[in-house]
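Close look at the chain arrangement
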Amino acid sequence: MSGKVKLYGEPLSNMPWEDRPKGTNGPVWRSERNPIIPRDLLPTSNSIFNSAVVPFKDGFAGVFRCDNTARDMQIHSGKSKDAIHWEIEPEPIDFQYDDPERGKSEYKYDPRVVKIEDRYYISWCNGYHGPTIGLGYTGDFETFHQLENAFLPYNRNGVLFPRKINGNYAMLSRPSDTGHTPFGDIFYSESPDMTYWGKHRHVMSKSDGWQSTKIGAGPTPIETSEGWLMIYHGVLTSCNGFVYSMGAALLDIDEPWKVKYRTRPYILNPRMDYENVGDVPNVVFPCAALHDSETGRIAIYYGAADTVTCLAFTTGEILVDFIKKHSV
Ligand code: BMA
């Protein structure tokens with residue numbers, strides 16, 4: 001790639017891309033095709049948002065948050081040739097498990113997906129006597145296996161790193177409470193086996209402005225020559241309710257609980273109609289990012305207004321430069 005910031009990982013020349021529109025200078029710009037997934041792509045869906053995608057074979061696969069018209073929250077798998085037009089399975093993912101207690105799930109939402117070695121791991125917010133972090137995996141996006149919940153309730157926004165760190169699997173999460181949490185910091189945990197999680201470390205707290213109420217990790221962190229690039233959401237409490245924006249930070253490669261830089265301004269905030277109007281207004285909520293190690297291009301997938309799924313673009317060079325120049 002050009003410039004000096006290197007994104008590690010596989011080349012991904014078939015990922016979606018749109019150049020930054022002339023006359024704009026923000027670090028992240030929206031797809032002109034937004035929203036790429038309408039709320040009613042499935043006949044039974046009330047909304048499809050806060051969803052995750054990964055490269056798969058010669059195309060892409062994903063796990064989608066589909067709230068149905070009874071307002072049950074479930075996750076569905078899907079496939080795509082171009083990562084823009086999606087075929088989503090009409091039925092929720094039917095996880096396999098041998099211990100019935102392990103499979104208990106009152107609801108599932110906000111999935112993330114990451115390939116680690118030869119498996120695609122899925123993390124989501126799982127209802128088990130309150131929200132906690134559900135974990136599962138698949139090799140083919142046909143058969144899915146459910147693992148133990150990573151933590152006790154209450155926890156949300158569990159995001160796995162794409163490789164082991166210090167010999168262990170690693171995850172970011174956001175301990176919380178039973179309801180629509182009015183607080184929350186990001187923590188880091190490690191596991192030797194994806195079952196037992198420990199070595200918990202505090203990563204970062206809420207700050208001021210757009211991230212003054214709570215924060216939570218978003219897409220799988222991207223390994224770069226400048227540290228782990230973590231895109232996250234931050235929440236401000238306005239007199240009209242919560243406002244969800246997007247920010248970014250650089251974490252130490254070997255000790256990711258150490259924050260090197262973090263943006264004081266947001267990198268994207270709700271300002272388009274599809275972000276300001278919907279089931280929950282004023283929300284941009286990132287859950288996935290594709291990147292191409294050759295060109296440094298990044299495509300961010302985010303839910304808008306808890307209703308539809310959208311796409312935005314940046315590059316490693318532009319985003320890392322912005323984070324460093326505008327750090328808290
Ligand atoms: C959070 C989660 C997200 C949602 C956001 C805004 O607590 O429930 O799924 O997008 O609230 O409603």
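Here, the structure is the one placed above.
First, a word on scope: everything that follows refers to the structure included in this document. (Residues numbered from 1 in each chain as written. Predicted model: local features only at pLDDT ≥ 70, side-chain atom pairs only at ≥ 80, totals over all residues. Heavy atoms only, no water.)

**A closer look at the sheet that holds strand β13 (residues 186-191)**
As a general point, the strands of a sheet are linked pairwise by backbone hydrogen bonds and lie either parallel or antiparallel. One open sheet holds the four strands; their spatial order is β11-β12-β13-β14, and the pairing between them is antiparallel. Here the strands that pair on one side only, and so sit at the sheet edges, are β11 (155-160) and β14 (198-204). Averaged over all neighbouring strand pairs, the angle between strand axes comes to 25°, with direction disregarded. Here four bridges tie β13 to β14, and the two strands are oriented antiparallel to one another. The partner of Ile 186 across the bridge, within β14, is Met 204. (Pairing = 2+ DSSP bridges. Helix = DSSP H or I, 4+ residues; strand = E, 2+ residues; numbered from the N terminus. Axes fitted to C-alpha atoms, helices over the stretch in contact; angles between N-to-C directions.)

**Observations concerning the nonpolar core**
Phe 64, Trp 86, Ile 88, Val 113, Phe 141, Leu 290 and Tyr 301 are the most contacted members of the largest nonpolar core, which totals 36 residues. Elements with a minimum of two residues in this core: β2 (45-56), β3 (59-68), β8 (119-127), β20 (284-291), β21 (297-304) and β22 (308-315). Once you skip the residues sitting within four places of it in the chain, Val 113 turns out to touch Ala 52, Val 54, Val 63, Tyr 120, Tyr 121, Ile 122, Phe 141 and Thr 220. Of all hydrophobic cores here, the second largest spans 25 residues; its members include Val 284, Val 308, Cys 310 and Ile 323. (Core = buried A, V, L, I, M, F, W, Y, C linked by side-chain atoms within 4.5 Å. Buried < 20%, exposed > 50% of the residue type's maximum accessible area, 1.4 Å probe, protein only. Contact = heavy atoms within 4.5 Å.)

**Side note on the pairing of β2**
Looking down a regular strand, the side chains alternate between one sheet face and the other. The element β2 is extensively covered by neighbouring structure, given that 11 of its 12 residues are classed as buried. Across nine bridges, β2 lies against β3 in antiparallel orientation. Bridge pairing links Phe 49 to Arg 65 in β3. The turn linking β2 back onto β3 is made up of two residues, and Lys 57 within it adopts a positive phi angle of 50°.

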